[in-house]
Amino acid sequence: TQLLEQSPQFLSIQEGENLTVYCNSSSVFSSLQWYRQEPGEGPVLLVTVVTGGEVKKLKRLTFQFGDARKDSSLHITAAQTGDTGLYLCAGAARGGTSYGKLTFGQGTILTVHP
Amino acid sequence: NAGVTQTPKFRVLKTGQSMTLLCAQDMNHEYMYWYRQDPGMGLRLIHYSVGEGTTAKGEVPDGYNVSRLKKQNFLLGLESAAPSQTSVYFCASSYGGHNQPQHFGDGTRLSIL
């Protein structure tokens, strides 16, 4: 069974601060996906990182996939109140029989105060 | 674009009752998934389907059954509801294969008394 440890579980910061969320595993993943979920809605994909060492930027959000494809991080620069939400990392299993299954981390609840 | 639609959005059941949650997708996706989301535990896979007429167990399948009679629909059944099944249930679909994103519905909030 593959496990993804996501930290921190809760993050409460002021607008303008920077933050980093981490996802770690002892397993190697084919790719790592990051989702954002708002109350009453389903998760929505932010980004997929596929190559070890890959860095992707989405405006103020920077995503990195570890060289060994076992970990990933999400860094937000100058957080805004609109960034508030639940952030989930999800690892895609390797192998032809994975059927696109994802292993999700526990999630990080981010609250950005004005 | 409807995407993934889940019905109902809310439901309260008594212990021992049965019900079916419906998921419909209009993106012609091959793969569909049912998850449950509980506080502090992320999303856990209950059952999934890689095509019409096929289903398979996920991480937490006990107490649930599924059917995929049509490509666009994936049904999740609770035969005899238990309080431990109180949760928010999400359906998702994808094109399938490696690294494809999953598209989620807005969830069904289910309470078992």
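Refer to the structure printed above.
These lines cover the structure that appears in this document, whether it is placed above or below. These numbers come from a predicted model, not from an experiment. (Residues numbered from 1 in each chain as written. Chains lettered and ligands numbered in written order. Predicted model: local features only at pLDDT ≥ 70, side-chain atom pairs only at ≥ 80, totals over all residues. Heavy atoms only, no water.)

All names here are of chain A. Following S7, the chain continues to P8 via a peptide bond in cis, the omega torsion being -5°. Its location among the elements puts P8 in the loop between β1 (5–7) and β2 (10–14). Its identity as a non-glycine residue notwithstanding, K59 has a phi of 55°, on the positive side. By relative accessible area, which is 85% here, K59 ends up exposed. At A78, a residue that is not glycine, the phi angle is positive and equals roughly 50°. (Helix = DSSP H or I, 4+ residues; strand = E, 2+ residues; numbered from the N terminus. Buried < 20%, exposed > 50% of the residue type's maximum accessible area, 1.4 Å probe, protein only.)

To continue, consider the layout of surface pockets. Considered as a void within the structure, the largest pocket measures approximately 660 Å³ in volume. Lining the largest pocket are 29 residues, and of these Q37 and L86 of chain A together with Q37, V88 and R109 of chain B lie nearest its centre. Here the lining of the largest pocket is built from residues that sort into ten nonpolar, 13 polar and six charged. (1 Å grid on protein atoms, 1.4 Å probe; cavity = no way out; pocket = protein on both sides within 12 Å on 5 of 7 lines; lining within 4 Å. Points joined across faces, edges and corners; volume = space filled by probe spheres on them. Nonpolar A, V, L, I, M, F, W, Y, C, P; charged D, E, K, R; others polar.)

According to the stated counting rule, one finds nine aromatic pairs over all chains in the structure shown. Each residue in the set Y35 and F104 of chain A together with Y33, Y35, Y48 and F104 of chain B is aromatic and connected to the rest through ring pairs, giving one cluster. (Phe/Tyr/Trp six-rings, centres within 6.5 Å; stacked < 30°, edge-to-face > 60°.)

Turning our eyes to something else, we now look at the nonpolar core. Judged by nonpolar contacts, the single largest core of 21 residues is most densely connected at L19, L32, W34, L74, I76 and L110 of chain A. Where this core is concerned, the elements lending two or more residues are β2, β3 (19–24), β4 (31–37), β5 (44–49), β7 (61–65), β8 (71–76), β9 (85–92) and β11 (108–113) of chain A. Excluding residues that lie within four positions of it along the chain, I76 of chain A makes contacts with E17, N18, L19, R60, L61, D83, Y87 and L110 of chain A. Counting 18 residues, the second largest nonpolar core, distinct from the first, contains C23, L78, C91 and I112 of chain B. (Core = buried A, V, L, I, M, F, W, Y, C linked by side-chain atoms within 4.5 Å. Contact = heavy atoms within 4.5 Å.)

We now examine the pattern of salt bridges. Opposite charge on two side chains makes pairing possible when the charged atoms of those side chains draw close. All names here are of chain B. This structure, assessed with the given rule, holds six salt bridges over all chains. Close ionic contact of D38 with R36 constitutes a salt bridge, the shortest N to O distance being 2.9 Å. Linking R44 and D38 is a salt bridge whose minimum nitrogen-to-oxygen distance equals 2.8 Å. Judged by its relative accessible area of 17%, R44 is buried. By sharing partners, the salt bridges in this structure join R36, D38 and R44 into a single network. (Salt bridge = Lys/Arg side-chain N within 4 Å of Asp/Glu carboxyl O.)

Residues and elements named next belong to chain B. Here L76 is to be found in strand β8 (residues 73–78). The class for L76 is buried, based on a relative accessible area of 0%. In the structure, L76 is positioned ten residues away from V66 in sequence and 4.6 Å away in space, judged by C-alpha atoms. Those residues within four positions of L76 in sequence are excluded, and the remaining contacts are M19, T20, L21, W34, I46, Y64, N65, V66 and Y89.

Let us now look at the pairing of β8 of chain A. Residue and element names in this part refer to chain A. Where β3 lies against β8, six bridges are found, and the strand directions are antiparallel. Paired with Y22 across the two strands is S73, which belongs to β8. With five bridges connecting them, β7 and β8 associate as antiparallel partners. Of the residues in β8, the one forming a bridge with L61 is I76. (Pairing = 2+ DSSP bridges.)

Another point: the interface of chain B and chain A. Tallying the contact residues gives 21 residues for chain B and 28 residues for chain A. Note on chain B versus chain A: buried area summed over both sides is about 1,800 Å², and carbon and sulfur give 54% of it. Viewed at the interface, chain A and chain B are joined by zero salt bridges. At the boundary of chain B with chain A, the tally comes to seven residue pairs in polar contact (both at pLDDT 80 or more). The set of elements that each furnish at least two residues to the side of chain B that touches chain A consists of β4 (31–37) and β5 (43–51) of chain B. Its residues assigned to classes, the side of chain B that touches chain A shows eleven nonpolar, nine polar and one charged. (Buried area = accessible area lost by both parts, 1.4 Å probe. Polar contact = N/O pair within 3.5 Å; in protein donor to acceptor, adjacent residues only side chain to side chain.)

Any functional reading would require information beyond the geometric quantities listed.
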